[in-house]
Amino acid sequence: MKKSYKIDVDCANCANMMEDAAKNTEGVKDCSVSFMTLKMKVEFDEGADVDTVMKNVRDNCKKVEPDCEVFL
């Protein structure tokens with residue numbers, strides 16, 4: 001399953017750090033973050049609980065970029 005989320009991030013480098021953090025979250029198969037469109041596209045592992053995974057993604061993103069936001 002793939003879903004798209006609106007994000008708030010200040011720079012392209014921060015968006016890259018968010019993408020890496022999301023990709024390293026359990027339950028995420030793949031992720032891409034676009035600074036230009038302020039969107040995060042996430043592909044989930046089969047059988048993953050999307051809500052729980054996205055809360056973990058947001059937490060992991062805030063560890064690398066405290067000022068970012070992922071709107072769930």
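Located above this text is the structure these notes cover.
All of the points below concern the structure found in this document. Per chain, the residues get numbers from 1 upward, laid out in the order the sequence is written. Given that the model is predicted, a residue must reach a pLDDT of at least 70 before its local features are reported, and side-chain atom pairs must reach 80 or more before they are shown or counted; all residues, however, enter totals for whole chains, interfaces and linings. Side-chain descriptors were evaluated using all non-hydrogen atoms of the structure, hydrogens and water having been removed beforehand.

**Digging into the overall build of the chain**
Helix and strand definitions here come from DSSP, where helices need a minimum of 4 consecutive H or I residues and strands a minimum of 2 consecutive E residues; each element is numbered from the N-terminal end. When you go through the chain residue by residue, the secondary structure sums to 2 helices and 4 strands. Listing every helix and strand of the chain by position from the N terminus yields β-α-β-β-α-β. Two things to know: the radius of gyration comes from C-alpha atoms, and the globule rule equals 2.2 Å times the number of residues to the power 0.38. Computed over C-alpha atoms, the radius of gyration of the chain comes to 11 Å, within 12% of the 11 Å expected from 2.2 N^0.38 for 72 residues, which places it in the range of a compact globule. Considering only C-alpha atoms, the chain reaches an extent of 35 × 20 × 20 Å along its principal axes. Counting across all 72 residues of the chain, residues that qualify as buried make up 35%. Taking the contacts inside the chain whose residues are at least 6 apart along the sequence as the reference set, 55% of them involve residues at least 24 apart. Every accessible area reported is derived by Shrake-Rupley at a probe size of 1.4 Å, with residue values counting cover from the shown protein chains alone. When the accessible surface of the chain is totalled, it reaches about 4500 Å², and 46% of it is carbon and sulfur. Side-chain charges of the chain comprise 11 positive and 15 negative groups, with the mean position of each set lying 4 Å from the other. Summary of the burial criterion: residues with accessible area below 20% of their type's maximum are buried, those above 50% are exposed, and those between are partly exposed, where the area comes from a 1.4 Å probe applied to protein chains only. Throughout, a contact is declared for two residues whenever any of their heavy atoms are within 4.5 Å. None of His or the chain ends enter the tally, which takes Lys and Arg as positive and Asp and Glu as negative. Think of each charge as sitting on NZ of Lys, CZ of Arg, CG of Asp or CD of Glu.

**Here we look at a positive patch on the surface**
On the surface, K2, K6, K39 and K41 cluster together to form a positively charged patch. Secondary structure elements with two or more residues in the positive patch: β1 (2-8) and β3 (39-44). Mapped onto the secondary structure, K39 falls in strand β3. Each patch is built from residues lacking any salt bridge and having more than 30% relative accessible area; the joining distance is 9 Å for like charges and 5 Å for nonpolar side chains (Val, Leu, Ile, Met, Phe, Trp, Tyr). The salt bridge definition used is simple: a Lys or Arg side-chain nitrogen within 4 Å of an Asp or Glu carboxyl oxygen.

**Comments concerning unusual backbone geometry**
For L38, which is not a glycine, the phi torsion comes out positive at approximately 55°. Mapped onto the secondary structure, L38 falls in the loop between β2 (28-34) and β3. Using a relative accessible area of 28% as the deciding quantity, one classes L38 as partly exposed.

**What to know about the side chain of E19**
Along the polypeptide, E19 turns up in helix α1 (residues 12-23). Owing to a relative accessible area of 16%, E19 belongs among the buried residues under this scheme. Excluding anything up to four places from it in sequence, E19 contacts C31, S32 and V33.

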